[in-house]
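# Close look at the chain arrangement
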Amino acid sequence: MNDALSPTISPTLPLAERLASAMTVAGPMSVAQFMAAANAHYYGTRDPLGSAGDFVTAPEISQMFGELIGLWCADLWDRAGRPEIAWVELGPGRGTLAADAMRAMAKAGLTPAIHLVETSPVLRRAQAERVPGATWHDAVDTLPADVALIVVANEFFDAMPIRQLIKRDQWHERLVACQDTLFLPIAGKPIPAEIVPAPFRDAPPGSIIEASPDAVAIARVLARRIAAQGGALLAIDYGYEGPALGETLQAVRGHAAANPFADPGAQDLSAHVDFATLAAAGQAEGAVAWGPIAQRDLLGQLGIDARTAALARTAPDRADALLADRRRLMEDMGELFRALALTAPSWPAPAAFA
Ligand code: SAH
């Protein structure tokens, strides 16, 4: 986690003090290094989900979300000829999606080995309660190499560190500096214009471009594996089809927006996901890219209305709550959140995307 920090700085100091000391020694650090250190500390030290935490995600809103994703996986596996697979989730949070998906997959005859990619020890413990018998990984490199992989990632890629480029008279990499105990973004040394996508080189001063090399690297590794081993990746997140101008780095704390450069490690940092760049990375590794499509279309095609009605029939006292949950997933989040799929060329088209 603390590759940006000097090993001589005591790990028992609060993260803000360690980052400040590191900057005293080595100068300002990139936005990506700052975000990586802040999020590693943030996720490593707490369960941020739920009404008592900082934010709520779709699987925490309703069991229907994970169940419908489980159906998507089971349907694809069935039409691929029911090969042996490993089911993988990236950044599984509390393990709620995995548990709901496993239940739905088992009903469809799919009981795969479960592999969870998670760096936070706190969240690993929460996941172990809901998904006993899973295998944990620090990174995607160690996932099984001898079976097909069906990989799900909900609100994972948005947590990957981003670089920011900022235009002044020229383009600069944006850095984070520390003054006393205050962190603030500054423009670093000018960068060669060739690094900036051609349409944006003459953008007006103040313009920002973001990119996530880590997200692209993970998408590439998984796409290469999926193309060779069979399988698919389903990534759901808020995002855009870039590269594009604009700053999306955001901090959330107690369900409210906060200054992303304040209080590193005490609030969730995320950025919108560039789906077009992830799709292109997947295609470059031989996978087939689908979408992105709106979360509303994904869940609608997978039968959220029928599932809402079925659950309401078995628990009539919860009918209003179920409709409210459905509304949050389909209306509040329905357009903002989108889904991208990558599949092996030898696998069929995934449900809801074709
Ligand atoms: N998917 C869950 C949680 C989303 S929060 C849900 O929808 O509720 C982001 C998740 O990604 C957390 O589990 C966090 O610990 C994990 N995470 C963040 N950075 C990570 C990294 N570099 N490698 C693996 N997991 C990471």
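Just so we're clear, the structure is a prediction, and the values are computed from it rather than from any experiment. (Residues numbered from 1 in each chain as written. Predicted model: local features only at pLDDT ≥ 70, side-chain atom pairs only at ≥ 80, totals over all residues. Heavy atoms only, no water.)

## A look at the overall build of the protein chain
Note the threshold: Only runs of H or I of at least four residues qualify as helices and only runs of E of at least two qualify as strands under DSSP, and these elements are numbered from the N terminus. The quantity called the radius of gyration is restricted to C-alpha atoms. Its globule counterpart is 2.2 Å times the number of residues to the power 0.38. All accessible areas in this document rest on Shrake-Rupley with a 1.4 Å probe, and a residue is counted as covered only by the protein chains that are shown. Think of it this way: Lys and Arg go in the positive column, Asp and Glu in the negative one, and His and the chain ends go nowhere. Charge positions come from single atoms, namely NZ of Lys, CZ of Arg, CG of Asp or CD of Glu.
Summing up its helical and strand segments, the protein chain has eleven helices and 16 strands in all. For the protein chain, the C-alpha radius of gyration of 21 Å lies close to 20 Å, the compact-globule estimate for 354 residues. Along the longest, intermediate and shortest principal axes, the C-alpha atoms of the protein chain span 60 × 40 × 40 Å. Carbon and sulfur atoms form 54% of the exposed surface of the protein chain, whose accessible area is close to 15,000 Å². Of the side chains in the protein chain, 28 bear a positive and 40 a negative charge, and the two mean positions are spaced by 2 Å.

## A few points about the site of the ligand
For clarity, the cut-off: Any residue with a non-hydrogen atom lying within 4 Å of a molecule or strand is treated as near it. Polarity classes work like this: nonpolar for Ala, Val, Leu, Ile, Met, Phe, Trp, Tyr, Cys and Pro, charged for Asp, Glu, Lys and Arg, and polar for all others, with Gly in that last group.
Of all residues adjacent to the ligand, which total 17 residues, the nearest are Thr 57, Gly 91, Gly 93, Glu 118 and Asn 154. For the ligand, the protein covers 90% of the area, taking 570 Å² as the surface of the free molecule. Split by residue class, the shell around the ligand holds eight nonpolar, six polar and three charged.

## Description of the domain arrangement of the protein chain
Accessible area lost when the parts come together is the quantity often used to give the size of an interface. What counts is decided by this rule: Residue ranges for the domains trace back to a domain assignment, done automatically or taken from a database. Only heavy atoms enter the contact rule, under which two residues are in contact if any of them lie within 4.5 Å. Here the quantity called buried area is the accessible surface, traced with a 1.4 Å probe, that two parts lose on coming together, added over both. A pairing counts as a salt bridge when a side-chain nitrogen of Lys or Arg comes within 4 Å of a carboxyl oxygen of Asp or Glu.
On domain assignment, one finds that the protein chain holds domain 1 (2–45 + 163–211) and domain 2 (58–160 + 212–343). The interface of domain 1 with domain 2 comprises 28 residues on the first partner and 27 residues on the second. Where domain 1 abuts domain 2, roughly 2,200 Å² becomes buried across the two surfaces, and 64% of that area is made up of carbon and sulfur atoms. If you sort the residues of domain 1 by the area they bury against domain 2, Met 35, Tyr 43 and Glu 210 come out on top, with a joint share of 29%. Summed over the shared surface of domain 1 and domain 2, the number is one salt bridge. Top contributing element to the side of domain 1 that touches domain 2 by residue count: helix H2 (residues 31–44), with nine residues. For the side of domain 1 that touches domain 2, the per-class residue count stands at 19 nonpolar, six polar and three charged.

## Remarks on the sheet that holds strand S13 (residues 268–270)
We apply this condition: Note: two strands are recorded as paired if DSSP finds a minimum of 2 bridges between them. Where helices are involved, their axes are fitted lines through C-alpha atoms of the stretch in contact, as for all axes, and angles between N-to-C directions lie from 0 to 180°.
A sheet is described by the order of its strands in space; here three strands give the open sequence S12-S11-S13, paired in antiparallel fashion. Bordering the open sheet on either side are strand S12 (256–258) and S13, each of which pairs with just one other strand. With direction set aside, neighbouring strand axes in the sheet form an average angle of 40 degrees. For strand S11 (residues 250–253) and S13, the ladder comprises three bridges, and the chain directions are antiparallel. Of the residues in S13, the one forming a bridge with Val 252 is Asp 268.

## Describing the packing of helix H7 (residues 213–229) against helix H8 (residues 275–284)
The line we're drawing: By convention the crossing between two helices is left-handed if the near helix lies anticlockwise of the far one by an angle smaller than a right angle, and right-handed if it lies clockwise.
Viewed as axis vectors pointing N to C, H7 and H8 meet at an angle of 35 degrees, and their least axial separation amounts to 8 Å. Judged by the sense of rotation from one axis to the other, the crossing of H7 with H8 is right-handed. In this structure, H7 contributes Ala 215, Val 216, Ala 219, Arg 220 and Ala 223 to the contact, and H8 contributes Thr 277, Leu 278, Ala 281, Gly 282 and Ala 284. Residue composition of the contact of H7 with H8, by class: seven nonpolar, two polar and one charged.

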